[in-house]
Amino acid sequence: MQKRSFGQTKEGREVTEYTLVNAQGMTLSVIDLGATIVSITMKGSDGNVYDVVLGYDTPVDYQNNTCYFGAVIGRNANRIDHAHIHLDGKDYSLEANDNENNLHSGSHGFHAVIWDVVQESAQSITFSYVSRDGEQDFPGNMTAKVTYTLDDNGEVAIAYEAVCDQTTVANFTNHAYFNLDGHDSGVIEGQKLELHASYYTPVIDSKAIPTGELAKVAGTPFDFREMKEIGRDIEADDTQLRYAGGYDHNYALDKADGTMQLAARARGAKSGICMDVYTDCVGIQLYTGNFITPQTGKGGVQYGKRHAFCLETQYFPNAVNEKNFKSPVLKAGDTYRSVTKYCFGLEK
Ligand code: BGC
C-alpha cells in the first residue's frame, strides 16, 4: 500500500491517495474524498501501461466535478422522482438537483465527503463514513463502509455495507468511467460490450425517470446480449436513445438472485484489455458518457462526450417510489450489503 498527499479541498482539508499494487504490477488508486477511484492502471497486450478510468489530478477538480468520476454514490444512486420519498408514514423532500428530480443523492452525497480509513492492508482498504440523521435529507444516522480489494488476478472488488438507526434508503454504487483503451484515448464507441440482461427500464422522457415497466431488449438497440460495439446502434432512430443522447438506462440483470453473477463483459478496441463485471445487484446502469462536457482531466488530457462508459450496479432508478421495482429501503438495524467486482485481464 502506497500513500501520498493528493492535495487539499477548497475548504483546506487534506486529501490522501492510497494505491494498491498487485503481483502483476496492476494498480488501483483511491482517495478518501468520495472514496473515489482515481486510477486503475495495467499493461495492455502491447506491453504499454493504460489507465482505464477518467479522473482528475486535484481534489478541487473532483469537488467541481459534475460527472461523479469514480466516486461512491450514496445513500441513493441514480434518480428519485420529484426528489420525494415516503418512508414509515413520513414524507421527505430531497434536493432537486436534476430538473425536479434528485440525482445521486444531491450535491452533498457520499461523493462529496471525506471518508475515514478504518482498515488497510497490502491488498485492500476500507473507508467508513457516518452520515447523520437528516444528511442529504434522508432519515437516520447511517454508518457506511466501502472496501476496495485488488487481487493478483486483476480483480477490483468493491464491497458496500451500511446500518442505520431509522428506516432509510441504501442503494450505493461506484461511478467509475471506464475507457479500456486508456482514459486519454477518446471515444468508446469502438469498444465492445455484452450485458446479461433481456430487459431494461425504459424512461418517461429526457428527465430519465423509468416508466416502471420492463421492456424487452430483443429487436432494439438496447440488445447487448451478444457482444457488440457500444457505438453500433447508438445513433439508431430510437426514442429512448434520443431522450438520453445515447445509452443512459438501467438493465434488469437476468440472473439477479442476490448472489454474485456475471453481469457484463467489455473489451477495449486496441489495448487488448477486457473487463468482466460481477455483481449481486438487480440492475446495472449503462451510461455512455453522453453528457461529459469538454473538460481537462488527468495529466491535461481533454475529455468529452462518450470518452467513457459506466456500468453502475444498483437497484433500478426511482425504485424507492416504484412498486414494480425491488425496494432499496433499509429497515432500522438491518445491514445493507452489496458487492461488485470489476475483473480485468487481457484478451486471449
Ligand atoms: C446518470 C446520467 C448522469 C451521470 C452523471 C449517470 O449515472 O445516469 O444521467 O448524467 O450519471 O451525473
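All of these numbers come straight from a predicted model, not from anything done at the bench.

Student: I'd like to hear about the site of the ligand, residue by residue, with values.
Tutor: Taken together, 13 residues surround the ligand, and among them R79, H104, H175, D248 and E312 come closest. Here D248 contributes a side-chain N or O atom positioned 2.4 Å from an oxygen atom of the ligand. In the model, an oxygen atom of the ligand is placed 3.2 Å from a nitrogen or oxygen of the Q285 side chain. Contact with the protein chains removes 95% of the 310 Å² of surface that the ligand exposes when unbound. When atom positions are compared with the pocket grids, the ligand is found to occupy the largest pocket. Classifying every residue of the shell around the ligand gives six nonpolar, four polar and three charged.

Student: Just give me the short version of the UniProt feature "active site" (unreviewed entry) in the chain, but keep the residues and values in it.
Tutor: As recorded in UniProt, the sites labelled "active site" (unreviewed entry) are H175 and E312. A stretch of 138 residues holds the annotated residues, and the largest C-alpha distance among them is 6.1 Å, short enough that they meet in one place. As for the annotated residues named above, the ones lining the largest pocket are H175 and E312. Locating H175 in the fold gives a position in the loop between strand 16 (173–174) and strand 17 (192–195). Residue H175 is classed as buried on the basis of its relative accessible area, which comes to 3%. Apart from the residues lying within four places of it in its own chain, the contact partners of H175 are C67, Y68, F69, G70, A71, I73, H104, Y287, C310 and E312. Its location among the elements puts E312 in strand 27 (residues 310–314).

Student: Let's hear about the nonpolar core: which residues, and what values?
Tutor: One finds W115, Y148, Y251, L311 and F344 to be the most contacted residues of the largest nonpolar core, which totals 68 residues. The contacts of Y251, once residues within four sequence positions are left out, are L195, A197, Y199, Y200, V217, F222, F224, V282, G283, I284, L286 and F316. Core analysis: the next-biggest nonpolar cluster, separate from the first, contains 18 residues, F6, I31, Y177 and I292 among them.

Student: Break down the sheet that holds strand 3 (residues 27–31) for me, with residues and values.
Tutor: An order of 1-2-3-4-5 is seen for the five strands of this open sheet, with the pairing classed as antiparallel. The open sheet has two edge strands, strand 1 (2–8) and strand 5 (49–51), and neither has a second partner. Each strand of the sheet is rotated relative to its neighbour by a mean of 20 degrees, with strand direction disregarded. Where strand 4 (residues 36–43) meets strand 5, three bridges bridge the pair, whose relative direction is antiparallel.

Procedures and definitions
- Per-chain numbering applies: the sequence of each chain, read as written, is numbered from 1 onward.
- Two thresholds apply to this predicted model, a pLDDT of at least 70 for residue-level local features and 80 or more for giving and counting side-chain atom pairs, whereas whole-chain, interface and lining totals are computed over all residues.
- Derived side-chain values reflect all non-hydrogen atoms in the structure, with water molecules and hydrogen atoms excluded from consideration.
- Summary of the distance rule: residues count as near a molecule or strand when at least one heavy atom falls within 4 Å of that molecule or strand.
- We define a polar contact as two N or O atoms separated by no more than 3.5 Å, with the added condition that, inside protein, one atom must be a possible hydrogen donor and the other a possible acceptor, whereas residues neighbouring each other in sequence contribute only through side-chain atom pairs.
- Here the accessible surface of atoms and residues is derived via Shrake-Rupley with a 1.4 Å probe, and residues count as covered only by protein chains that are part of the display.
- A pocket, in this scheme, is an open set of points on a 1 Å grid over the protein atoms alone with protein on both sides within 12 Å along at least 5 of 7 lines, while a cavity is a set where a 1.4 Å probe fits but cannot get out; residues line either one if an atom lies within 4 Å of a point.
- Each molecule is checked against the cavity or pocket grid, and it sits inside if more than half of its atoms lie within 2 Å of the grid points.
- When residues are grouped by polarity, Ala, Val, Leu, Ile, Met, Phe, Trp, Tyr, Cys and Pro land in nonpolar, Asp, Glu, Lys and Arg in charged, and all others, Gly among them, in polar.
- UniProt positions are given in the numbering used here, feature names are shortened, and annotations may be inferred rather than shown by experiment.
- Numbered from the N terminus, helices here are DSSP runs of H or I no shorter than four residues, and strands are runs of E no shorter than two.
- In this scheme, a residue with accessible area under 20% of its type's maximum is buried, one over 50% is exposed, and one in between is partly exposed, where area comes from a 1.4 Å probe on protein chains only.
- Any two residues whose heavy atoms approach within 4.5 Å at even a single point are treated as in contact.
- Working definition of a nonpolar core: buried Ala, Val, Leu, Ile, Met, Phe, Trp, Tyr and Cys residues. They are joined through side-chain atoms within 4.5 Å.
- The pairing criterion is simple: DSSP has to find at least two bridges between the two strands.
- Every axis in this analysis is a line fitted to C-alpha atoms, fitted for helices over the stretch in contact. Angles between the N-to-C directions lie between 0 and 180 degrees.

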